[in-house]
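An overview of the molecular structure
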Amino acid sequence: MGCGSSSSEGKRDWKPLEDRSCTDIPWLIIYTLFCVGMACICGYSIATGAASRLVSGYDSYGNTCGRNNTKIEGIPLSGRDMTQNKNIFFLEPCNLDLVNRKIKSIALCVSKCPATNLTTYDELKKFALTNGSHLCSYDISPTRYTSHSERFTKCPKLPVSKSKAILLFNRCIPVGIDCYAEFVQSFITFVSDNTVLRRVIAGVMASKEIIMGLCILALVLSLIMMVVIRYITKVLVWILTILVIIGSIGGTAVLWWLYADQRSALKNNTASVLGSEVAWDNTKALLAYAIGATIFTVVLLLLMFFMRKRVALTISLFHVAGKVFLHLPLLVLQPFWTFFCLMLFWVYWIAVLLFLGTAGTAVKNNSTGVVEYQMEGPFQYLVWYHAVGLIWISEFILAFQQMTIAGAVVTYYFTRNKSQMPATPILSAMGRTVRYHLGTLAKGSFIITLVKIPRLILMYIHSQLKGKENACARCMLKGCICCLWCLEKCLKYLNQNAYTATAINSTNFCTSARDAFLILVENALRVAAINTVGDFVLFLGKVLIVSCTAFAGILALNYQRDYTVWVLPLFIVCMFAFLVAHCFLSVFENVVDVLFLCFAVDTKYNDGSHGREYYMDKALMEFVENSKKMGYYKTEDGDGRELKPITRGGTVA
């Protein structure tokens, strides 16, 4: 990995970007061995013929189509040469148990799928003699199709509809099959009779150019929003503050007014005895609600009062985040690269899972008489190993994105002269991650996997208990699922900050997580302000993008006279706009979180004096200077020397 030694665990100073060394090497070895195990599972399925059986298909006697097969003990019709028979044909295409993934119908390897409808056994015989494709069981000669005593069970059910073979999996799929005729007819009737559905579908087809244009508009608006949001953050914060104050005080006042009015009505004895009892219950409920609302309002106002100074830091961080994207515009592409990598891995994972479905040894099912492939012994647990790999490797890919973003932003923050930054800071961050910190990503993603797997298992058990009488068990399971979900979210947030600490000082995962946790605890109010105000501002940005795109869509669709229903086109556009806005603004949120940790480290280990100058941007420096004016900073003495921050517990107050 290009490393000579691991990071030291002893006492060390924070030296951003100075010393780089490999972190969590044992975990990198474990993760590498795990990935080798995933590859071995794929190799096992290919070596045992599972991949070829899935792609080429196999008949009910264990013969892989298109290959010369070996004899299977106990299966008389196995071990046949199917080199010329490359397609799968089902005697009863409608007799498939897709739920249990079992073929109830007899499957045969044939050289050609029926090109026309075959209605009699004479036509089956003629088709076999003309095309060399035998549609009856292998032990029946084509010349005996019309007279064999078992032709009703070993030949296809008449009539045989013409079919076509799927290009990849070589299955003969009937074009006009009787068992689907009723469904198809009812669907066609529904579409033809349903005027609204027909108009909606016509609307989508007629507005495809507008939909594409509006999707591009959403993309442009998301890019603009990331730049503009730093200039409107202050306005949005004030709007949020005013709305919260008015809403909380107004709601509390209304509850007290309703309580007073209800109590006054009771004193006048204008209700009956029964009505009076109900009214007293309502009055007590209103009193409880009013008291609860009052407590909530007081606590909320106190929090806003104590957090009012920390909100300024959120505004400054948003301002600097906008500058980061101006210097590192390719950061916005990270979600797309991550999604592309995840899609490739998921396609691979599904393909191997399908391979495992046809892996194992051939076993004859005595009830149906067909051959099924089943894994026995330790190999039957390969599916579970493969499932763990889905979660761990997916989380690893997401962690790689977080580390890349953290590395690029850390490089920007701790480089005093921006002109000396690497030519490609994002690629440099990727290179450092690959060279030094893959072990840290492996460890962090494994911790998330340990929490996610039990949660998924409990969710499956909870779904299986639906409709059961044991409501207590379902309630307890739901509580456990919620707790694990909250734990997973907290760990993901801590992991993200641990990756940032690793990018800053090149420490292993545990050290980085501990340092990040201590810094977050020391700056708890600031973290709360960023995670509440910042998330709300970004949410407003998403709503604004979706609203503008929807408004533009309404204006554009208004001039289309070919249809009148806009539901589906507008819904597609709004969904795409929200997804694009979420991808872009989630990266913006990650950048803000990284900048905050960098700022906290900067103010903790530097005080602006000679030799300990701040790394922070001018906007953050203005925040520090304003904090000094408000009494958060003071001079060491009165001789006019440079101001230094007051530290409480090792961090800036």
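Let me sum up the structure you'll find in this document. Since we're looking at a predicted model, the values are computed, not measured.

What counts, and where the lines are drawn
- Residues numbered from 1 in each chain as written.
- Predicted model: local features only at pLDDT ≥ 70, side-chain atom pairs only at ≥ 80, totals over all residues.
- Heavy atoms only, no water.
- Salt bridge = Lys/Arg side-chain N within 4 Å of Asp/Glu carboxyl O.
- Helix = DSSP H or I, 4+ residues; strand = E, 2+ residues; numbered from the N terminus.
- Buried < 20%, exposed > 50% of the residue type's maximum accessible area, 1.4 Å probe, protein only.
- Disulfide = S-S within 2.5 Å.
- Patch = residues over 30% accessible without salt bridge, like charges linked within 9 Å, V, L, I, M, F, W, Y side chains within 5 Å.
- Areas by Shrake-Rupley, 256 points an atom, 1.4 Å probe, with all protein chains shown as cover.
- Axes fitted to C-alpha atoms, helices over the stretch in contact; angles between N-to-C directions.
- Parallel < 35°, antiparallel > 145°, perpendicular 65-115°, else oblique.
- Left-handed = near helix turned anticlockwise from the far one by under 90°.
- Contact = heavy atoms within 4.5 Å.
- Nonpolar A, V, L, I, M, F, W, Y, C, P; charged D, E, K, R; others polar.
- Phe/Tyr/Trp six-rings, centres within 6.5 Å; stacked < 30°, edge-to-face > 60°.
- Pairing = 2+ DSSP bridges.
- Core = buried A, V, L, I, M, F, W, Y, C linked by side-chain atoms within 4.5 Å.
- Expected span 1.5 Å × (residues − 1).

Within the structure shown, the criterion is met by nine salt bridges. Where K492 meets E488, a salt bridge forms, and the shortest distance between an N and an O atom there is 3.5 Å. Of the two residues, K492 and E488 are both situated in helix α13 (residues 471–505); the distance of four residues between them amounts to about one turn of the helix. By relative accessible area, K492 is classed as partly exposed at 27%.

Once that is clear, we can look at the state of the cysteines. Summed over the entire model, instances satisfying the criterion amount to three disulfides. Between the sulfur atoms of C65 and its disulfide partner C109 the distance amounts to 2.0 Å. Linking C65 and C109, the disulfide has an S-S dihedral of approximately -85° and is accordingly described as left-handed. You can see C65 sitting in the loop between α2 (50–56) and β1 (87–90) and its partner C109 sitting in strand β4 (residues 107–110), a full 44 residues away along the chain. Across a sulfur-sulfur distance of 1.9 Å, C113 and C172 are joined as a disulfide pair. Looking down the S-S bond of the C113 and C172 bridge, the torsion is -80°, so its handedness is left-handed.

Bringing a nonpolar patch on the surface into the picture now. Together, L219, L223, L330, L333, F336, W337, F340 and L344 give the surface a local cluster of nonpolar side chains, amounting to about 770 Å² of exposed area. Breaking the nonpolar patch down by element, the ones donating at least two residues are α7 (208–267) and α9 (334–357). Per element, the largest residue contribution to the nonpolar patch is four residues, and it comes from α9. Checked against the element boundaries, L223 lands in helix α7. Accessibility expressed as a relative area gives 38% for L223, which makes it partly exposed.

Here the focus is the packing of helix α1 (residues 25–47) against helix α10 (residues 382–413). α10 packs onto α1 with a crossing angle of 130° between their chain directions and a minimal axis gap of 10 Å. One element, α1, and the other, α10, form an angle in the oblique class. The chirality of how α1 crosses α10 is left-handed. Taking contact as the criterion, the partners of I30, Y31, L33, F34, C35, G37, M38, I41 and Y44 in α1 are, on α10, L382, Y385, H386, V388, G389, W392, I393 and F396. Of the residues contributing to the contact of α1 with α10, the split by class is 14 nonpolar, three polar and no charged.

Another point: the packing of aromatic side chains. Counted under the stated rule, the structure contains 15 aromatic pairs. Note on F34 and Y385: the rings are 4.7 Å apart at their centroids and 25° apart in plane angle, and the pair reads as stacked. Of this pair, F34 sits in helix α1 while Y385 sits in helix α10, and the two are 351 residues apart along the sequence. Taking relative accessible area as the criterion, F34 reaches 9% and is therefore assigned buried. Centre to centre, the rings of F34 and W392 are 4.9 Å apart; their planes meet at 50°, and the pair counts as tilted. Here F34 is found in helix α1, whereas its partner W392 is found in helix α10, with 358 residues between them in sequence. Taken individually, F34 and W392 each receive the classification buried, so the pair is uniform in this respect. Of the aromatic side chains, those joined through ring pairs into one cluster are W27, Y31, F34, Y385, W392, F396 and F446.

Residue alternation in β1 divides its side chains into two sets, N87 and F89 and I88 and F90, and both sets are buried. With four bridges joining them, β1 and β4 adopt antiparallel strand pairing. Note on β4: the bridge partner recorded for I88 is C109.

As for its position among the elements, T500 is in helix α13. Residues contacting T500, with those up to four places away along its chain left out, are A406, V410, V594 and L597.

So, about the environment of T252. Within the secondary structure, T252 is located in helix α7. A relative accessible area of 10% places T252 in the buried class. Considering only alpha carbons, one finds T252 and Y289, 37 residues apart in sequence, at a separation of 8.6 Å. Once residues within four sequence positions are removed from consideration, T252 is found in contact with A290, A293, T294 and T297.

Before going further, it helps to spend a moment on the nonpolar core. With 80 residues, the main nonpolar core has V324, L331, Y413, F588, V591 and L595 as its most contacted residues. Among the elements that line this core, the one with the most residues is helix α16 (residues 567–605), at 16 residues. L118, Y121, C136 and Y138 belong to the second largest nonpolar core, which has 31 residues in total.

What follows concerns unusual backbone geometry. In this structure, the amide linkage connecting L158 to the following residue, P159, adopts the cis form with an omega of -5°. Examined against the element boundaries, P159 turns out to sit in the loop between α4 (151–154) and β5 (163–165). In this structure, D24 takes a positive phi of about 55° despite not being glycine. Examined against the element boundaries, D24 turns out to sit in the segment before α1. Looking at D24, the relative accessible area reads 9%, which means it is buried. In this model, S506 sits at a positive phi of 60°, which is unusual for a non-glycine residue. Take S506: it is sitting in the loop between α13 and α14 (509–522). Looking at S506, the relative accessible area reads 3%, which means it is buried.

Glancing now at the packing of α9 against α10. At their nearest, the axes of α9 and α10 sit 10 Å apart, and the two run at 170° to each other. One element, α9, and the other, α10, form an angle in the roughly antiparallel class. The residue inventory of the contact of α9 with α10, partitioned by class, reads 17 nonpolar, seven polar and no charged.

On to α1, then. Between its first and last C-alpha atoms α1 spans 32 Å; for 23 residues at 1.5 Å apiece the expected length is 33 Å, and the two agree. The set of residues buried in α1 consists of L28, Y31, F34, G37, M38, I41, C42 and S45.

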